[in-house]
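Residues per chain are reported as follows:
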Amino acid sequence: MALHFGMEAWLAALFGLVIGSFLNVVILRLPRQMEQDWAAEHEAAIRGAAHVAGSGRAPAYGVTLSTPRSHCPHCGHTIYWYQNIPVLSYLVLRGHCAHCKARISMRYPLVELATAALFALCVARWGTNPTGLAWCGFSAALLTLALIDWDTTLLPDSITLPLLWAGLLASALQWTTTPLPDAVYGAVAGYLSLWLVYWAFKLATGKEGMGYGDFKLFAALGAWLGWQALVPVILIASVLGLIAGLALQFTGSLREGGYIPFGPFLAGAGCAAMVFGSDMMVDGLFAFAGM
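Summary of the structure given here. Everything numeric in this text was worked out from a predicted model, so none of it was measured.

Observations concerning the packing of aromatic side chains
Line of reasoning, step 1. Summed over all chains, the structure comprises 14 aromatic pairs.
Line of reasoning, step 2. Note on Trp135 and Trp224: the rings are 5.1 Å apart at their centroids and 55 degrees apart in plane angle, and the pair reads as tilted. With Trp135 in helix α5 (residues 130-152) and Trp224 in helix α8 (residues 212-225), the pair connects residues that are 89 residues apart, well separated along the chain. Grouping residues by exposure puts Trp135 and Trp224 together as buried.
Line of reasoning, step 3. Measuring from ring centre to ring centre gives 5.4 Å for Tyr198 and Tyr212, while their planes differ by 65 degrees; the resulting arrangement is edge-to-face. One end of the pair, Tyr198, is in helix α7 (residues 180-205); the other, Tyr212, is in helix α8, with 14 residues separating them in the sequence.
Line of reasoning, step 4. The buried category is assigned to Tyr198, whose relative accessible area is 4%.

This is how it looks when you write it as structure tokens:
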């Protein structure tokens, strides 16, 4: 894996900080927007106004990605542009609201820094060309999905499905090294494999072990990485999930029902496959198991 951290990579990191700031908005607001849309559809169905539910419009009182303006969740104070500069504003304000002095979550700058690092890595490896930009988009989508799923156990179709189609399109345009047949087989195998596991588990236990969003995310990973990467990705994701589950159980931090969303670990394994390649991932897993 050849990396060249020149000026282009540093510029990509700066751009990643800006995109990371937007991802924070998506991570926070998209689940709320989905919930209010479901509520609106439910209300419309009860009233027999199916045409209202099918309009795709959010209620006037609802949250969108652009409205209302960014504000402190504690006091409602509007955050001005100079208080919303990625990472820098957090440091200047020392992690507190400028108005009420309530603490601001460390997640915001961490997401911005993570996005910057991923963008710099993609550009350092592939350059400022369609391939590098495609992998930047891939990594940003996975980061967003991982955090939304961790918070809400939701993997929005509005991200997973475009990510799937983008992987197939990138393959068709030769923006990735994954041949189109491998991308198609990867998407199909990714979806069907977890779908079969879901139904086998449900028939055996009467419980749902995962959600349909996991199928779509795994299909998207197959479209981007090819069918050959699916086994390494699922193995790494399972190991990461097991380690996280044991750590949360040991610290008493498991959520009600002991459920841990699988999406964050699929996303993490997908990013690892992007960075290291599936073969190196398998070698690393066997080396870890042999310790």
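As for α7
Line of reasoning, step 1. Under the 1.5 Å per step criterion, the end-to-end length of α7 is 38 Å for 26 residues, consistent within 8% with the ideal 38 Å.
Line of reasoning, step 2. Along α7, the positions that sit buried rather than exposed are Asp182, Ala183, Gly186, Ala187, Gly190, Leu194 and Tyr198.
Line of reasoning, step 3. Packed against the buried residues of α7 are α6 (157-172), α8, α9 (230-251) and α10 (263-276).
Line of reasoning, step 4. Gly206 lies just past α7 and shows a positive phi near 80 degrees.

Remarks on the layout of surface pockets
Line of reasoning, step 1. Its volume calculated, the largest pocket comes out at about 870 Å³.
Line of reasoning, step 2. If you trace the largest pocket, you find 38 residues lining it, with Leu28, His71, Pro73, Ile79 and Tyr108 closest to the centre.
Line of reasoning, step 3. Elements with a minimum of two residues in the lining of the largest pocket: α1 (7-47), α3 (88-92), α4 (107-126) and α5.
Line of reasoning, step 4. When residues of the lining of the largest pocket are assigned to their parent elements, the largest contribution, nine residues, is made by α1.
Line of reasoning, step 5. A per-class count over the lining of the largest pocket returns 19 nonpolar, eleven polar and eight charged.

Re a nonpolar patch on the surface
Line of reasoning, step 1. Taken together, the side chains of Leu180, Val184, Tyr185, Val188, Leu192, Trp195, Leu196, Tyr212 and Trp227 present a nonpolar region at the surface, about 840 Å² in accessible area.
Line of reasoning, step 2. In terms of residue count, α7 provides more of the nonpolar patch than any other element does, seven residues in total.

A few points about the nonpolar core
Line of reasoning, step 1. Ranked by internal contacts, the top residues of the largest apolar core, which has 60 residues, are Leu163, Leu221, Val233 and Leu266.
Line of reasoning, step 2. Mapped by element, the contributors of at least two residues to this core are α1, α4, α5, α6, α7, α8, α9 and α10.
Line of reasoning, step 3. The leading source of residues in this core is α5, at twelve residues.
Line of reasoning, step 4. Beyond its immediate sequence surroundings of up to four residues, Leu221 is in contact with Phe138, Leu142, Gly226, Val233, Leu266 and Gly270.
Line of reasoning, step 5. Listed in part, the five residues of the second largest apolar core include Ala13, Leu17, Val87 and Ala120.

What about the pattern of salt bridges?
Line of reasoning, step 1. What the rule picks out here adds up to three salt bridges.
Line of reasoning, step 2. With a shortest N-O distance of 2.6 Å, Asp151 and Arg107 are connected by a salt bridge. Residue Asp151 is located in helix α5, and its partner Arg107 is located in helix α4; the two are separated by 44 residues in the primary sequence.
Line of reasoning, step 3. Taking the relative accessible area as the measure of exposure, Asp151 reaches 39% and is therefore partly exposed.
Line of reasoning, step 4. Classification of Arg107 by relative accessible area gives partly exposed; the value is 27%.

About the cut-offs
Residues numbered from 1 in each chain as written. Predicted model: local features only at pLDDT ≥ 70, side-chain atom pairs only at ≥ 80, totals over all residues. Heavy atoms only, no water. Phe/Tyr/Trp six-rings, centres within 6.5 Å; stacked < 30°, edge-to-face > 60°. Helix = DSSP H or I, 4+ residues; strand = E, 2+ residues; numbered from the N terminus. Buried < 20%, exposed > 50% of the residue type's maximum accessible area, 1.4 Å probe, protein only. Expected span 1.5 Å × (residues − 1). Contact = heavy atoms within 4.5 Å. 1 Å grid on protein atoms, 1.4 Å probe; cavity = no way out; pocket = protein on both sides within 12 Å on 5 of 7 lines; lining within 4 Å. Points joined across faces, edges and corners; volume = space filled by probe spheres on them. Nonpolar A, V, L, I, M, F, W, Y, C, P; charged D, E, K, R; others polar. Patch = residues over 30% accessible without salt bridge, like charges linked within 9 Å, V, L, I, M, F, W, Y side chains within 5 Å. Areas by Shrake-Rupley, 256 points an atom, 1.4 Å probe, with all protein chains shown as cover. Salt bridge = Lys/Arg side-chain N within 4 Å of Asp/Glu carboxyl O. Core = buried A, V, L, I, M, F, W, Y, C linked by side-chain atoms within 4.5 Å.

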